[in-house]
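Summary of structural features
What follows is each chain in one-letter form.
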Amino acid sequence: RGISSMKKLTVRDLVLCALMAALLAVCAWISFPVLEIAYTLQTFGVFFALLVLGGARGTLAILVYILLGAVGLPVFTGFRGGIDALLGVTGGYILGFLFTGLVYWLVTGLLGRKLWVKILALVLGLVVCYAFGSGWFLTVYFRNGKSIGVWALLMKCVIPYLPADAIKMALALVLAPRVAKAVKA
């Protein structure tokens, strides 16, 4: 499904996107605030939405989730919502989810939907999400008068999350085909 298919969204497509946006909210609410940036299941929700719905509809579901939070619904981690949540230290990761979707959509659109392509697209999307989120974290950190080195930034924003995100990606890769088949997405 490419850009032209976005013009042909059915009611069923919109319902599936809404369900995935709701799943993203639930995944955000399941959090473990161990570090400054909590461990959540949001990346699982992003991976799952993209794998079940494909790049176009999965990205739309992520956009719906972000817009719901931006207007104030408590869909983000800690039952937060509003622009303040997006402007905080973790807001870059939330916006980075959208870029993960766009990267997935682009890569699978160019290379197809074989398993190795999906994995490559998710990994590249996650790298972009980490970069966007870490860059935003750094901006907020500096704006608050603090300084941080590159290694310390990676230790706060990326490295502790790699094993969990790998597990979430693997779990999404196992579960999504079964769900996609059941909903015939």
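A few points on the structure. (Residues numbered from 1 in each chain as written. Predicted model: local features only at pLDDT ≥ 70, side-chain atom pairs only at ≥ 80, totals over all residues. Heavy atoms only, no water.)

1. Quick notes on the overall build of the chain
Within the chain, the regular secondary structure consists of 8 helices and 2 strands. Secondary structure elements of the chain occur, N-terminal to C-terminal, as α-α-β-β-α-α-α-α-α-α. Relative to the 2.2 N^0.38 estimate, which gives 16 Å for 185 residues, the radius of gyration of the chain is 16 Å and therefore close to what a compact globule would have. With the principal axes as the frame, the chain shows a C-alpha extent of 50 × 35 × 30 Å. Buried residues in the chain amount to 45% of all 185 residues. Of all intrachain contacts in the chain linking residues separated by at least 6 positions in sequence, the fraction that spans at least 24 positions is 67%. Separation of charge centres in the chain, based on 16 positive and 4 negative side chains, amounts to 14 Å. (Helix = DSSP H or I, 4+ residues; strand = E, 2+ residues; numbered from the N terminus. Rg over C-alpha atoms; globule rule 2.2 N^0.38 Å. Buried < 20%, exposed > 50% of the residue type's maximum accessible area, 1.4 Å probe, protein only. Contact = heavy atoms within 4.5 Å. Lys, Arg positive; Asp, Glu negative; His and termini not counted. Charge placed at Lys NZ, Arg CZ, Asp CG, Glu CD.)

2. Observations concerning the nonpolar core
Grouped together as the largest cluster of nonpolar side chains are 53 residues, with contacts concentrated most on I62, Y65 and L122. Listing elements by their share of this core, those giving two or more residues are α2 (11-29), α3 (42-70), α4 (83-87), α5 (91-111), α6 (115-143), α7 (150-157) and α8 (162-183). In contact with I62, other than residues within four places in its own chain, are L24, V46, L50, F97, L98 and G101. (Core = buried A, V, L, I, M, F, W, Y, C linked by side-chain atoms within 4.5 Å.)

3. Here's the deal with the packing of aromatic side chains
Overall, the coordinates contain 6 aromatic pairs when judged by the stated rule. Plain terms: the ring middles of W29 and F79 are 5.0 Å apart, the flat faces sit at 25 degrees to each other, and that makes the pair stacked. Taken as a pair, W29 in helix α2 and F79 in the loop between α3 and α4 lie far apart in primary sequence, 50 residues in all. On the accessibility criterion, W29 (33% relative accessible area) is partly exposed. Between the aromatic rings of F44 and F48, the centroid separation amounts to 5.5 Å while the plane-to-plane angle is 25 degrees, which identifies the pairing as stacked. Highlighted residues: F44 and F48, both in helix α3, separated by 4 residues, approximately one helical turn. (Phe/Tyr/Trp six-rings, centres within 6.5 Å; stacked < 30°, edge-to-face > 60°.)

4. Some words on the environment of K118
Relative to the assigned elements, K118 resides in helix α6. Between the C-alpha atom of K118 and that of M155, which follows or precedes it by 37 residues, the distance is 27 Å. For K118, the contacting residues outside a window of four places in its chain are L51, Y104 and R113.

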